[in-house]
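Coordinate inspection notes
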Amino acid sequence: MSLTGIHDWPLDESMIRQAIAEAQEALESEDVPVGAVVARRGSIIGRGHNQRELLQDPTAHAEMIALTAAATAMGSWRLEGCTLYVTLEPCVMCAGAIVLARIERLVFGAFDPKAGACGSVYNVVEDGRLNHRVNVTHGVLADSCADLLSRFFATQRAKGKK
């Protein structure tokens, strides 16, 4: 497992487990099981899981929901000093929102080789041309995060979906 950026293994693993619990919530509405939590000073201030199917909203990604909840909790769209923990590498939309929210740190589990925008396909969050860069740590509980997604898509294919 390769890890980059600042890393606090016990806290990061604990928070990714919280994000995995959020991902489990997405399964109830047959959404892709991705979960996210935003923490500040070790306390969770925002949670989210994919709700695209439930809300019929293409922007209802786990990260977007968690960022909105955190901004509400802080009373500001500037989430300076916060860390976003997510089970899957964020897409371009979510990576852009992470930069705009001024997230200090991003920790994710599994890479997304098809749509990842934090190191796989693109690297929006560390792009020096933007006004903010995010410290990234990847690979935390990657196998658990990837397994959840693999099992979901295998089940969907067996049902003739996705």
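Figured I'd write up the structure that's included with this text. (Residues numbered from 1 in each chain as written. Predicted model: local features only at pLDDT ≥ 70, side-chain atom pairs only at ≥ 80, totals over all residues. Heavy atoms only, no water.)

1. Here's the deal with the side chain of H132
Using the following cut-off: Secondary structure follows DSSP: runs of H or I at least 4 residues long count as helices, runs of E at least 2 residues long count as strands, and numbering of each begins at the N terminus. Polar contacts, as counted here, are pairs of nitrogen or oxygen atoms within 3.5 Å of one another; within protein the pair requires one atom able to donate a hydrogen and one able to accept it, and residues that are adjacent in sequence qualify only if both atoms are side-chain atoms.
Summarising the element assignment, H132 is placed in the loop between β4 (105-110) and β5 (135-138). Among the polar contacts made by the side chain of H132, one reaches the main-chain carbonyl oxygen of I103 at a distance of 2.7 Å.

2. Topic: the packing of aromatic side chains
Geometry of an aromatic ring pair is reported as the spacing of the ring centres plus the angle between the planes. Our working definition: Aromatic pairs are defined between Phe, Tyr and Trp rings, using the six-membered ring for Trp, whenever the two ring centres lie within 6.5 Å; interplanar angles under 30 degrees are classed as stacked, those over 60 as edge-to-face, and all others as tilted. Buried means the residue's accessible area, taken with a 1.4 Å probe over protein chains only, is under 20% of the maximum for its type, while exposed means over 50%, and partly exposed covers the values in between.
Inspection of the entire model under this criterion finds 2 aromatic pairs. With centroids separated by 5.2 Å and ring planes inclined at 85°, the aromatic side chains of F108 and F111 adopt a geometry described as edge-to-face. By relative accessible area, F111 is classed as partly exposed at 37%. A centroid spacing of 5.0 Å and a plane angle of 75° characterise the contact between F152 and F153, whose relative ring orientation is edge-to-face. For F153, a relative accessible area of 27% puts it in the partly exposed group.

3. Notes on the pairing of strand β1 (residues 35-40)
Definition in use: DSSP-based pairing: two strands are paired if at least 2 bridges between them are found.
Among the 6 residues of β1, 5 are classified as buried, and the element is accordingly described as predominantly covered. Bridge count for β1 against strand β2 (residues 43-49) is 6 bridges, and the pairing is antiparallel. Within β2, the residue paired with G35 across the bridge is H49. Linking two consecutive strands that pair antiparallel, namely β1 and β2, is a turn of 2 residues; a positive phi of about 55° is found at R41 within it.

4. Side note on the sheet that holds β1
What counts, and what does not: Between N-to-C directions, angles span 0 to 180 degrees; the directions come from axes that are lines fitted to C-alpha atoms, helices contributing only their stretch in contact. The contact criterion used throughout is that any non-hydrogen atoms of two residues lie within 4.5 Å.
Spatially, β2-β1-β3-β4-β5 is the arrangement adopted by the 5 strands of the open sheet, whose pairing is mixed. What marks the edges here is a single partner per strand, and that holds for β2 and β5. The sheet shows a mean angle of 15° between the axes of neighbouring strands, taken without regard to direction. Along the sheet, helix α5 (residues 142-158) makes contact with β3 (82-88) and β4, crossing β4 at roughly 60°.

5. Observations concerning helix α1 (residues 9-27)
To be explicit about the condition: By this rule the span expected of a helix is its residue count minus one, scaled by 1.5 Å. Read the arc as the range of directions from the helix axis to the C-beta atoms.
Its 19 residues give α1 an end-to-end C-alpha distance of 27 Å, which sits within 8% of 27 Å, the value for a rise of 1.5 Å per residue. Among all positions of α1, only D12, E13, M15, I16, A19, I20, E22, A23 and A26 are buried. Looking down the long axis of α1, one finds its buried residues gathered within 170° of arc, a one-sided arrangement. In this structure, the buried residues of α1 make contact with β1, β2, β3, β4, β5 and α5.

6. Considerations on helix α3 (residues 62-74)
Between its terminal C-alpha atoms α3 stretches 18 Å, which fits the 18 Å expected from 13 residues at 1.5 Å a residue. Within α3, burial applies to A62, E63, A66, L67, A70 and A71. Down the axis, α3 shows its buried residues gathered within 155° of arc, on one side only. Seen from the open side of α3, the exposed residues pointing more than 90 degrees away from its buried face are T68 and T72. Looking at the buried positions of α3, the neighbouring elements they touch are β1, β2, β3 and α4 (92-100). Of the residues one or two after α3, G75 is the one with positive phi, at around 70°.

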